[in-house]
Amino acid sequence: MSNAEISIRDNLQETYEDVYTKEVLEALRVLAPFNQDVKKLMDIRLRRRNERAQKGKRIDFLNPDTNIPGTDLKVKDAREGNFEGAAIPDDLQRQWIQGTGPGAKPNAPLESSIRNVAYALLSGADGWMFDGEDALGQVSTMSLDNQRNLKLAIHNSPVFLEVAERVASQMNSWSKGFFGEENISNWKEQLKFTTKIFRARGLHLDDRHLRLSDGASFSASIADLTLYVTNNYRALMEAGSSVVLYLPKIQTAEEAGLWNKMISALETHLGLPVGTVKAYVLVEQLEATYQLMEIRAVLGKHFVGYNTGRWDYINSVSDALFWDKDFINPNIESIGMTYGYMRNYEDRVRRAVNTPDKVGHFALWQGGMEPNIPVGSEEGVRSSMEKALAGAEREQREGASGKWVAHWKMVPIVRPVWEKTGTPNQMGREFPALSYEPEDAAGLILLEEAPRTIRGARNLLSVGLQYGNAFGQGMQAAALKPADFFGNDDVLYLMEDMATGEIRLSILWEWLHKKAVITEDDPGSGVQKGAIFTQELFYKLLEEEYDKLLKAKDKDVYESSKTSTLPIAKRIVEVYVSETTKIPWFIDLLNINLNNFNLKEAEKRIGQYVKQLKEKGQRITENMDFTV
C-alpha cells in the first residue's frame, strides 16, 4: 500500500477548515492506502468489460464452489444465507418514503444553498438520501458545500435553524394551496423525524480536490465516506440516529468487499464497533444482479437493504451488452419496471432481501425513483399523480418496504400508499428461493417487443443535450422534458440526474451502431417504418433538437448557456454517440470539462480522452485543472 501524503488543491484546506478538520485529515491518511485498491478494481472492471466484448461473453453467475473474489467467503454459503448480517436499526425499520437530492446548490451563498437540506428534513419523508453523486453538481466546490451544509444541519447550527424556520413557512403555504391544509405543525420537531442518509460517489469516480503527493488521483468514494462519517457520526449517534450510507454503482461482490474493508477500517480508526455504519446498496449494475446474495454476505453487519433503480440499471444493461449486435433497447419510455429484464431484476432483488441470514435477519427493499413533480396544469398534475400513485401501489404489492421520490412535494402524495397498510416494512415476506439456472441468467437480459421511433429518438437527444448542459452549469439534478413540450403544461417536467444522460446516450449509441430498425412511420421527418437509424439520420435529428434548444426561452435553457456549456454538451453527445468505441461513462466526458466554457478546449480534452481509451484502454478520471 502506498504511504503517499494527501494534497488538497488551491487554498481549500483553509477555506473549508470546518470540513477538512484535523480529525478528517487524519482519517483520510488512514484510508489513503485503499486508493490503490480502488484503482486496481476499476482497472479489473474495465478489462473485464473489454474481454467480454472481445469474446462475445455474457455475464453469468459465480461458481458456487469458489470463494467470493477478495474474501474467504464461499459463494455457496452466501447464497444459502450462511453469514451474519445486520439487524435493522429502529430508525430504518420504517422507510416508506425516502426523498433524494443534494444538500447544496451551485454557486450559491450558504443561506441559499442550505435550504436544500431544510426542505428535505421538513418534508415528512421517513428518510432522505442526501446525494454526493449523481444528483450533486461538481462545479467549483459543490462537493464540499454539500458536506458543510450537512454538517451544519446535523449539528443543528443556528444558521441552519434560521433557514429551516423560513422554509417551513413556505412549505406550509404550498401545502395549504395544494391540499387545503398545512403539513408542518412544529418545525423543530419535524426536523427530528427524517433519517439522514448519505450517498457517496462510486468507485469509478475521482475526487476533484484531493490527490496523493505522488500525483495519483484520489478516490471520490474514500473522500466522501471519510468526510461524511468522520464529521457527523458523534452528532448522529448522540441524537439516537444511525449512520447510514447508500453505496452506488457496485458491479461485483469483490467491489462490495472493498467497500466493507474501507468502512470497517474507518470504524476501527474512529473507535466504533464494526457494523456501526449501515449501508444500503443501489442495484444499478447488471452484474450485481447476478451476485446479490454475495454482495449481502461480504457487507455483513453493514448491509441493510437494496434499492431498485431504473435509469442507471437500464444503462448498465445496455453497456454490458454493447458488443451484442442483437441486443437493441426500444424507446426509453417503454422500459418500465414491468418490462422484460427489469421485471426479472426486480424479482431477484426482492427474493434476495427476503432470504434470511444464519441468525434470521432479513433486509429491506426500497423501491425505485418517482421523478414527477406536481407542478403544471391541473390536468397534467392529475394525470401524472395518478401514474405516480399507480407505480407506488405496484411496488408495495410486489413487496417493497418503501420507495424514492425526487422532490419534497411528492412525499405527502405518495407516502399514504404505505401508510394505509399499517406495517413498517415487508421484510420476511415469502417469495420463491433464488435459483441460478441458465434461464435465470437469460431473464436478466430479456428484451420484449416495444416501439423504436423517431419521436423516441428526439426525446433521447433533447433530454441528453439538456442534461449535459445542466451538468456544466452545476445542476446534476435538473427538471427536464423534451424541447417539443416546452410551454405545454400538460406535460410535466421530471427530476433527472446523471443516469438520465447516461441511458439516453447509450440507447442512441445502440440504435446507431447496431443498425436499429424504426418501427413506425414519422411524417414529420419523412422516415418510414422499417428504416435504419443511420449516422445521417442521427446528425439530422441532433441539429434539429439542438436548434430548438438555442431558440428556447430562458425558463428552459439559460440564455448564457447557449454560448458556453450547451455547445460543449452538443459536442460531447456527438462524440459519445458517433464513436465506434463505446465510451463506458458519459460522465467522464462531462467531468473533464467541469468549469471549462471554451469549446476548443473541450474538443481537445474529449479527443485526449478518446485517444487514451482506444490506445491504452484507460479512462481519464482526474481533475484536469488540479493545482496546489
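Structural notes, computed from the coordinates. Everything quoted here is computed from the prediction, not taken from an experiment.

### Observations regarding the overall build of the chain
From N to C terminus, the chain includes 26 helices and 13 strands. Compactness check: the chain gives a C-alpha radius of gyration of 23 Å against a globular reference of 25 Å for 628 residues, within 12% of the reference. Dimensions of the chain, computed from C-alpha atoms along their principal axes, come out at roughly 65 × 60 × 55 Å. Within the chain, buried positions represent 63% of all 628 residues. Considering only contacts within the chain whose residues lie at least 6 apart along the sequence, 78% involve residues at least 24 apart. Summed over all atoms, the accessible surface of the chain reaches about 23700 Å², with 49% contributed by carbon and sulfur.

### A look at the nonpolar core
Among the nonpolar cores identified, the biggest contains 193 residues, and Val229, Trp259, Tyr306 and Phe533 are the most heavily contacted of them. Ranked by the residues each element gives to this core, the list is headed by helix α11 (residues 220-238), at 10 residues. Beyond its immediate chain neighbours, meaning those up to four positions away, Val229 contacts Val243, Leu245, Leu266, Leu270 and Val277. Counting residues in each nonpolar core, the second largest holds 11 residues, with Met129, Tyr246, Tyr280 and Leu282 among its members.

### Focus: empty space enclosed by the protein
Applying the stated criterion across every chain, the model contains 9 cavities of 30 Å³ or more. Volume-wise, the largest cavity comes out at about 300 Å³. The wall of the largest cavity is formed by 20 residues, among which Arg45, Arg49, Gln251, Gln285 and Asp319 lie closest to the centre. Every element with two or more residues in the lining of the largest cavity is listed here: α3 (34-55), α13 (286-289) and α15 (311-320). Among the elements that take part in the lining of the largest cavity, α3 stands out by supplying 5 residues, more than any other. Reported here for the second largest cavity is a volume of approximately 130 Å³. Taken together, 15 residues form the lining of the second largest cavity, with Gln138, Arg201, Leu205, Asp206 and Asn591 sitting closest to its centre. Every element with two or more residues in the lining of the second largest cavity is listed here: β5 (206-212) and α25 (586-591). Ranked by the residues each element gives to the lining of the second largest cavity, the list is headed by β5, at 3 residues. Split into classes, the residues belonging to the lining of the second largest cavity amount to 3 nonpolar, 5 polar and 7 charged.

### A word on the pattern of salt bridges
Pairing between side chains of opposite charge can happen when their charged atoms approach one another. Applying the stated rule across the entire model yields 55 salt bridges. Across the salt bridge formed by Arg458 and Glu545, the nearest N and O atoms sit 2.8 Å from each other. With Arg458 in helix α21 (residues 454-472) and Glu545 in helix α23 (residues 535-550), this residue pair connects regions lying 87 residues apart in the sequence. By the burial criterion, Arg458 is buried, and Glu545 matches it. Salt-bridge contacts for Glu544 lead to Lys540; the nearest nitrogen and oxygen are separated by 2.8 Å. In this pair, Glu544 and Lys540 are both assigned in helix α23, 4 residues apart and thus about one turn of the helix distant.

### What about the side chain of Gln366?
Checked against the element boundaries, Gln366 lands in strand β10 (residues 364-370). For Gln366, a relative accessible area of 0% translates into the label buried. In contact with Gln366, not counting residues within four places along its chain, are Gln95, Trp96, Ile97, Gln98, Tyr246, Tyr280, Tyr306, Asn307, Thr308, Gly402, Lys403 and Trp404.

### As for the pairing of strand β11 (residues 402-405)
Along β11, one buried face is formed by Gly402 and Trp404 and the opposite face, lined by Lys403 and Val405, is buried too. Of the pairings in the sheet, the one linking strand β2 (residues 97-101) to β11 comprises 3 bridges and is parallel in character. Along β11, the bridge assignment pairs Gly99 with Val405. Examined bridge by bridge, β10 and β11 share 3 bridges and lie parallel to one another.

### Re unusual backbone geometry
Located in the positive-phi region is Asn107, a residue other than glycine, with phi close to 50 degrees. In this structure, Asn107 sits in the loop between β2 and α6 (110-113). The backbone of Asn156 shows a phi angle near 50 degrees, a positive value even though the residue is not glycine. The topology assignment puts Asn156 in the loop between α8 (142-154) and α9 (158-179). Classification of Asn156 as partly exposed rests on a relative accessible area of 47%.

### Some thoughts on helix α17 (residues 378-398)
Taking 1.5 Å per residue as the helical rise, α17 with its 21 residues ought to reach 30 Å, and the 30 Å between its terminal C-alpha atoms agrees with that figure. The complete set of buried residues in α17 reads Gly380, Val381, Ser384, Met385, Ala388, Ala392, Arg394, Glu395 and Gln396. One or two steps after α17, the chain reaches Gly399, where phi turns positive at roughly 120 degrees.

### What to know about the packing of aromatic side chains
Applying the stated criterion across every chain, the model contains 20 aromatic pairs. Residues Phe198 and Tyr228 carry aromatic rings whose centres are separated by 4.7 Å and whose planes lie at 15 degrees to one another, so their mutual orientation is stacked. You can see Phe198 sitting in strand β4 (residues 195-199) and its partner Tyr228 sitting in helix α11, a full 30 residues away along the chain. Per residue, the accessibility class of Phe198 equals that of Tyr228, and both read buried. Each ring, one from Trp511 and one from Phe533, has its centre 5.7 Å from the other, and the planes form 80 degrees; the classification is edge-to-face.

Thresholds applied
Residues numbered from 1 in each chain as written. Predicted model: local features only at pLDDT ≥ 70, side-chain atom pairs only at ≥ 80, totals over all residues. Heavy atoms only, no water. Helix = DSSP H or I, 4+ residues; strand = E, 2+ residues; numbered from the N terminus. Rg over C-alpha atoms; globule rule 2.2 N^0.38 Å. Buried < 20%, exposed > 50% of the residue type's maximum accessible area, 1.4 Å probe, protein only. Contact = heavy atoms within 4.5 Å. Areas by Shrake-Rupley, 256 points an atom, 1.4 Å probe, with all protein chains shown as cover. Core = buried A, V, L, I, M, F, W, Y, C linked by side-chain atoms within 4.5 Å. 1 Å grid on protein atoms, 1.4 Å probe; cavity = no way out; pocket = protein on both sides within 12 Å on 5 of 7 lines; lining within 4 Å. Points joined across faces, edges and corners; volume = space filled by probe spheres on them. Nonpolar A, V, L, I, M, F, W, Y, C, P; charged D, E, K, R; others polar. Salt bridge = Lys/Arg side-chain N within 4 Å of Asp/Glu carboxyl O. Pairing = 2+ DSSP bridges. Expected span 1.5 Å × (residues − 1). Phe/Tyr/Trp six-rings, centres within 6.5 Å; stacked < 30°, edge-to-face > 60°.

Fair warning: the whole summary comes from geometry, so function is off the table for now.
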